[in-house]
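This is what each chain is made of:
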Amino acid sequence: MSLSTLKIPHYFILVVVLLFNAFSNAQEGDQILDGIGETDLIARYTLEEDLKDWSRNNLHATITEEPQFVEDLQFEKTLSLSGKTNEYIYLPNQILNGVESLSVSSWLYLKGENQEAFLFDFGKKEGNHFFAVPDNFKNIAGFVAGLETDSNLQPASGAQTIEKGKWVHLVVVLDFPAQALRTYINGEEAAEKMIRFDLSEAFTGTGNQLVIGQSLDAKAPAFTGKLHDFRIYRTPLTENQIKRIYNGALHATHVVNERDEENVGLPQFDKDVPQLYNSFLTDVADITVNTAVGELPRLPRYLKGNYRNGIENGPQVRVIWPAPTDNAAVARAGSYNITGTVPGTDFKPKATVVVSENSVQPAPLQKLEGFQLNQVFLNPDSSGEATKFMENRDKFLSTLAGTNPDSFLYMFRDAFGQPQPEGAFALGVWDSRETKLRGHATGHYLSALAQAYASTAYDKSLQQTFDQKINYMVDVLYNLSQLSGNPQTTGGPAESDPTAVPVGLNKSSYNSDLSEEGIRTDYWNWGKGFISAYPPDQFIMLEKGAKYGGQVDQIWGPYYTLHKILAGLMDIYEVSGNKKALQIATGMGDWVHARLSKLPTDTLISMWNTYIAGEFGGMNESMAHLYSLTGEERYLETAKLFDNIKVFYGDAQHSHGLAKNVDTFRGLHANQHIPQIVGALEIYRDSQSPQYLKVADNFWYKVKNDYMYSIGGVAGARNPANAECFISQPATIYENGLSAGGQNETCGTYNMLKLSRGLFMIDPRTEFMDYYEQGLYNQILASVAEDSPANTYHISLRPGSSKQFSNADMTGFTCCNGTALESSTKLQNSIYFKTKDDQALYVNLYVPSTLNWESKGISIEQETSFPREDETTLIVKGKAKFDLRLRVPEWATQGFSVTINGKAEKLQATPGSYLNISRNWKNGDRITVKMPFGFHLKPIMDQPNIASLFYGPVLLAAQETEPLTEFRKIKLDARDLGKTITGNPKALEFEIDGTLFRPFYDTYGRHSVYLDVSLN
């Protein structure tokens, strides 16, 4: 999904842009408007006929007087302000929450005398504020914009006076990293001033106000004239972007399909200069790979290389291979060659591909299964201190226990026209009244309650609290679901057929109006089984081709929200046996089956390939899971109706796609598609249809190797110009990624971990759990605030970034706030797995914990302070015969040793594998594993000198004091990276050239995760 106003990535260049683009074009639901990704947009007020925010954030404005909208020759309709002292617009103060920068946009038409009249004023009446005055301010002539902090006025002036009687386009840019204030008039730079500021400090605390048309103290002359299309952005608009918007408004040359974000803020390097270990490289091995007709080969991304200057154990060489968009090269049996490149060098490694006729391979069965949450408990570390796992868990559990279920039920009752209990209040952000995604947080809440209930057997009182909330939530949702499709009164009218839902009463067409006066509540016409926080219209409109957006003829991912609700209900059923929860899920499953089963394939292809409107989360996963719970074939059939045919199979004829190892997701919205792949894997588990496993496995391999940042996250594209998209070409993160709008949408990593876990249980390849560890430690644990369960949306990795957290009180959820509820209430779920025949135990993660392996009659206690120490001890309580399989991490190149009851075992351990120990275990057996940590680098694949520094599994972030315009430079010894690094491994604190490095999960201020590394 997209950023909320509460999540502001690190480059907050307050760009107040007063500009216009045709309203009709902006509302098409495209993610890129005027070449600017929608994730950069905080709010947009078109001011044509109301004061609504047409961004997805619903930060609607208010006005002190009755608004006057007037006819206009240029823009058809605009807002007119009369110049009355008490007539001005208020914007919600959430816009400033946590900002380091911001953007506002509008055209203005001055009428009459406007000297010293404010266009806008943001901040505090008595204190810091940011403002723009079109005509003279404190004896400064012309257009003036400025920032006043601690009584220090820093204006940008020297611009000409704004002409009266004509539309003018103004821009103000507060560029935080560059510490610059710039103004623009009609697309041309008017003034620039270098200033010192930090908006996160200037606007800290409460009491901020945002007004348009007057000063905060209301002592200035009021604005007289017309306003149109006032926007607020969270990133610095460039001069080219400003020109594009300006020209588009005047000449209707709209550019919503332009894909590139300018390369602002990233240093450029000579592409022909070898970097990092590549500068010592002497040769790279060629390879031969095999594949079947129709299936592109899986090419290894790393090959063996040889190095000079005594580098004997240098890393494998990253090779970038061509990425075909179809499978024509493997259309027939034979062989062909593929030539790869090694960045910065002339090396061209060759892959000889041998293509053979297809041979039918049996579909692999699931080999492993996880333990239930109530079988694994997190423990303090060896010294008795709470671990980061426990800290994050407890922040979420304690806050979750204090939530009011009626807030999460508010919009459901509202949709069904039912009264609210006394004291109930609605959630905000993406669950506010007119947000078309409302109800999504309720689904996450249901799952979190289920997981919290299952995980808190150690505290019966806390567990009872979650049990009560579960039962209350389910009872209310069940009662509402029973209303759907049934008469309001005995013998009254009703429509029970989900496929025959009529248009709302007194409406001429289906629409998504959720306003208090516009929402339909005729639940008796909605078809039996329907449950949601809004009426059925959005589902029906999607079938008819509706696009994503904020108007009443547009929608926002109705099946996305439904997936969250269904998943939460089934989670509750599985942990508590609540039959009503399953009945609600089956009722809505039947409703979905009835509608989708009647749609032609072409309609389904169109729906699931519509940006955000057709986002369905993991509906295929939920419907397949519903089948596994009930055995009803129609649910599995419905799951398959959610196949994203273009991505999975290339086209309706299944010509290529991920099933044939073709990358069909480049440039697409990342977290719109990752859950679809999770769903494909669930369908495979239930159907054993091999194409679904191929889709999931091929996708994972490509994302992990070609699209992933060092913290384990994905997305953050500059090309396409949307921070939530995969980059436009694989293995080009530096060229096309690192968006100024942020990267690493946290819920994307949540879903990648879920996919990794599922694939590992079918095919226990160590790489799945190596990635799981990387993403868990370095993004999921790192995404939670220090003193609350507030958490991140995007995590920017540009130099000198800072994390931005939101939703500390669980009253306003974005997508990532929702998945955070789930992530932090199931942190123990992948520490241990077992084979389905109960004959082997996999130890995947080295986390202090206790496993109750009930079917074996034993428990395993893991004692460790990992990763603050490089060893762990497993203590067997009870006796049983089984294979113990210990993960040997891919980073454990310094050795991996095992002692049992103090005696060293002679075992061969290879990094990136599982070490198997088979014996009859007895009570008290102690298995101690030691894996010495070492420093290693994870470079960006297409710019290897830009790399992250790791110590074992832990990403070390440079602790910064201010934003940077270039990556921090460090020099390390190529033969021994740790030679010039000093510090305390027990504390995981190190220094390089006087700069402190700490784990990213313990970093709450400014950071540099990527560094400009040179080797000597």
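Thresholds, definitions, all that
Residues numbered from 1 in each chain as written. Predicted model: local features only at pLDDT ≥ 70, side-chain atom pairs only at ≥ 80, totals over all residues. Heavy atoms only, no water. Salt bridge = Lys/Arg side-chain N within 4 Å of Asp/Glu carboxyl O. Helix = DSSP H or I, 4+ residues; strand = E, 2+ residues; numbered from the N terminus. Buried < 20%, exposed > 50% of the residue type's maximum accessible area, 1.4 Å probe, protein only. Pairing = 2+ DSSP bridges. Axes fitted to C-alpha atoms, helices over the stretch in contact; angles between N-to-C directions. Parallel < 35°, antiparallel > 145°, perpendicular 65-115°, else oblique. Left-handed = near helix turned anticlockwise from the far one by under 90°. Contact = heavy atoms within 4.5 Å. Nonpolar A, V, L, I, M, F, W, Y, C, P; charged D, E, K, R; others polar. Phe/Tyr/Trp six-rings, centres within 6.5 Å; stacked < 30°, edge-to-face > 60°. Lys NZ or Arg CZ within 6 Å of the ring centre and 35° of its normal. Core = buried A, V, L, I, M, F, W, Y, C linked by side-chain atoms within 4.5 Å. Expected span 1.5 Å × (residues − 1). Polar contact = N/O pair within 3.5 Å; in protein donor to acceptor, adjacent residues only side chain to side chain. pLDDT = per-residue confidence, 0-100. Disulfide = S-S within 2.5 Å.

Visitor: Explain the pattern of salt bridges residue by residue, including any values.
Guide: Within this structure, the stated rule accounts for 52 salt bridges. For Arg887, the salt bridge is made with Glu773, and the minimal N-O distance between the two is 2.6 Å. Pair noted here: Arg887 is in strand β39 (residues 880–888) and Glu773 is in helix α19 (residues 766–780), with a separation of 114 residues, a long-range link. With relative accessibility at 2%, the residue Glu773 sits in the buried group. Lys969 is the salt-bridge partner of Asp1012, the closest N and O atoms lying 3.9 Å from each other. Of this pair, Asp1012 sits in strand β52 (residues 1011–1015) while Lys969 sits in strand β47 (residues 969–972); the two residues are 43 residues apart in sequence, bridging distant segments of the chain. For Asp1012, a relative accessible area of 12% corresponds to the buried category. Taken together, the shared-partner salt bridges connect Arg298, Asp697, Asp763, Arg765 and Glu767 into one network.

Visitor: Before we move on, can you summarise the pairing of strand β49 (residues 989–992) with the specific residues and values?
Guide: Because side chains alternate across β49, one face comprises the buried residues Phe990 and Ile992, and the other comprises Glu989 and Glu991, none of which is buried. Alignment of strand β48 (residues 982–984) against β49, held across three bridges, turns out to be antiparallel. In the strand pairing of β49, Thr982 is matched with Glu991. Here β48 folds back onto β49 in antiparallel fashion, the turn holding four residues, of which Leu988 has a positive phi close to 55 degrees. With three bridges joining them, β49 and strand β50 (residues 995–999) adopt antiparallel strand pairing. Counterpart to Ile992 in the pairing with β50 is Thr995.

Visitor: Can you break down the packing of helix α10 (residues 579–596) against helix α12 (residues 619–630) residue by residue, with the values?
Guide: Relative orientation of the contacting elements α10 and α12 amounts to 120 degrees, with a least axis distance of 11 Å. Overall, the two elements α10 and α12 adopt an arrangement that is oblique. Classified by chirality, the crossing of α12 by α10 is left-handed. Contact residues: Leu582, Ala585, Thr586, Gly589 and Val592 in α10; Met619, Met623, Leu626, Leu629 and Thr630 in α12. Its residues assigned to classes, the contact of α10 with α12 shows seven nonpolar, three polar and no charged.

Visitor: Talk me through the packing of aromatic side chains; I want residue IDs and the actual numbers.
Guide: Throughout the structure, instances matching the rule amount to 61 aromatic pairs. Their ring planes at 45 degrees and their centres at 6.3 Å tell us that Tyr734 and Phe967 sit as a pair that is tilted. One end of the pair, Tyr734, is in helix α17 (residues 733–736); the other, Phe967, is in the loop between β46 (954–960) and β47, with 233 residues separating them in the sequence. Here the two residues Tyr734 and Phe967 agree in accessibility, since each one is buried. Taken together through their ring pairs, the aromatic side chains of Phe416, Tyr523, Trp524, Trp526, Phe530, Tyr534, Phe539, Tyr559, Trp591, Trp608, Phe616 and Phe642 make up a single cluster. Above the face of the Phe1000 ring, Lys803 is positioned so that its terminal group lies 4.1 Å from the ring centre. Geometry around Trp853 places Lys856 over its ring, the cationic atom sitting 5.9 Å from the centre.

Visitor: Tell me about the sheet that holds strand β21 (residues 287–292), and please be specific about residues and values.
Guide: Taken in spatial order, the three strands of this open sheet run β21-β26-β25, and their pairing is mixed. Of all the strands in the sheet, the pair left with one neighbour each is β21 and β25 (334–339). For this sheet the average axis-to-axis angle between neighbouring strands, irrespective of direction, equals 25 degrees. Where β21 and strand β26 (residues 350–356) come together, six bridges link them in parallel fashion.

Visitor: An account of the nonpolar core is requested, with residue identities and associated values reported.
Guide: By size, the foremost hydrophobic cluster in this structure holds 245 residues, and its most contacted members are Tyr559, Phe699, Leu755, Leu841, Leu884 and Leu886. If you tally residues by element for this core, the top one is helix α7 (residues 460–483), at nine residues. Listed in part, the 49 residues of the second largest apolar core include Ala43, Leu108, Ala132 and Leu147.

Visitor: Tell me what's going on with the sheet that holds strand β35 (residues 840–843), and back it up with residues and numbers.
Guide: Whenever strands of a sheet pair, they do so through backbone hydrogen bonds, lying parallel or antiparallel. Taken together, five strands build an open sheet; the order of strands is β27-β34-β35-β39-β42 and the sheet is mixed. At either end of the open sheet lies a strand with only one pairing partner, and these are β27 (368–370) and β42 (913–921). Taking each pair of neighbouring strands and ignoring which way they run, the sheet shows an average axis angle of 30 degrees. Looking at chain direction, β39 and β42 are connected through nine bridges and run antiparallel. Its bridge partner lying in β42, Leu886 is registered against Leu915. Against the sheet, helix α18 (residues 746–762) engages β27, β34 (832–835), β35 and β42, with an angle of about 140 degrees to β27. Packing of α19 onto the sheet brings it into contact with β34, β39 and β42, and relative to β39 it is tilted by some 65 degrees.

Visitor: So what about α10? Which residues, and what values?
Guide: With 18 residues, α10 should reach 26 Å at 1.5 Å per residue; the first-to-last C-alpha distance of 26 Å fits that figure. Most of α10 sits inside the fold, with 14 of its 18 residues counted as buried. Where α10 begins, the side chain of Asn578 points an oxygen toward the backbone nitrogen of Lys580, at a separation of 3.1 Å.

Visitor: A description of the packing of α10 against helix α13 (residues 633–641) should follow, citing residues and the corresponding values.
Guide: It is the contact of α10 with α13, at a shortest axis distance of 10 Å, that shows an interaxial angle of 55 degrees. The angle between α10 and α13 falls in the class oblique. The way α10 lies across α13 gives a crossing that is left-handed. Only Arg634, Tyr635, Glu637, Thr638 and Leu641 of α13 make contact with α10, whose side of the interface consists of Thr586, Gly589, Asp590, Val592, His593 and Leu596. Split into classes, the residues belonging to the contact of α10 with α13 amount to four nonpolar, four polar and three charged.

Visitor: Can you tell me about the side chain of Thr872, naming the residues and giving the values?
Guide: Of note, Thr872 is situated in strand β38 (residues 871–877). Of the polar contacts made by the side chain of Thr872, one reaches the side chain of Gln862; its length is 3.0 Å. Residues within four places of Thr872 in sequence aside, it is in contact with Tyr846, Gln862, Glu863, Thr864, Ile927, Thr928 and Val929.

Visitor: Tell me about the confidence of the model for the protein, and please be specific about residues and values.
Guide: Averaged over all residues, the pLDDT of the protein is 92; the fraction at 70 or higher stands at 95%. This model gives residues 253–259 a pLDDT under 50, and the stretch forms 26 contacts once residues within four places in sequence are excluded.

Visitor: Outline the environment of Leu658, listing residues and values.
Guide: With respect to the helices and strands, Leu658 occurs in the loop between α14 (645–649) and α15 (670–687). Look at Leu658 and you get buried, because its relative accessible area is 0%. The sequence separation of Leu658 and Val695 amounts to 37 residues, and the corresponding C-alpha distance is 4.9 Å. Leaving out residues up to four positions away in the same chain, Leu658 has contacts with Val647, Phe648, Thr664, Phe665, Ile677, Lys694, Val695, Asn698, Phe699 and Lys702.

Visitor: Which residues make up the environment of Leu668, and what values go with them?
Guide: For Leu668, the location among the structural elements is in the loop between α14 and α15. Between the C-alpha atoms of Leu668 and Asn609, which are 59 residues apart in sequence, the distance is 9.6 Å. Residues within four places of Leu668 in sequence aside, it is in contact with Val647, His673, Cys725 and Phe726.

Visitor: Describe the state of the cysteines, listing the residues and the values that go with them.
Guide: Enumeration over the complete set of coordinates arrives at zero disulfides. Of the cysteine sulfurs around Cys747, a residue in no disulfide, the closest is that of Cys816, at 3.3 Å. Counting only cysteine sulfurs, Cys747 is the nearest neighbor of Cys815, a cysteine outside any disulfide, at a range of 3.6 Å.

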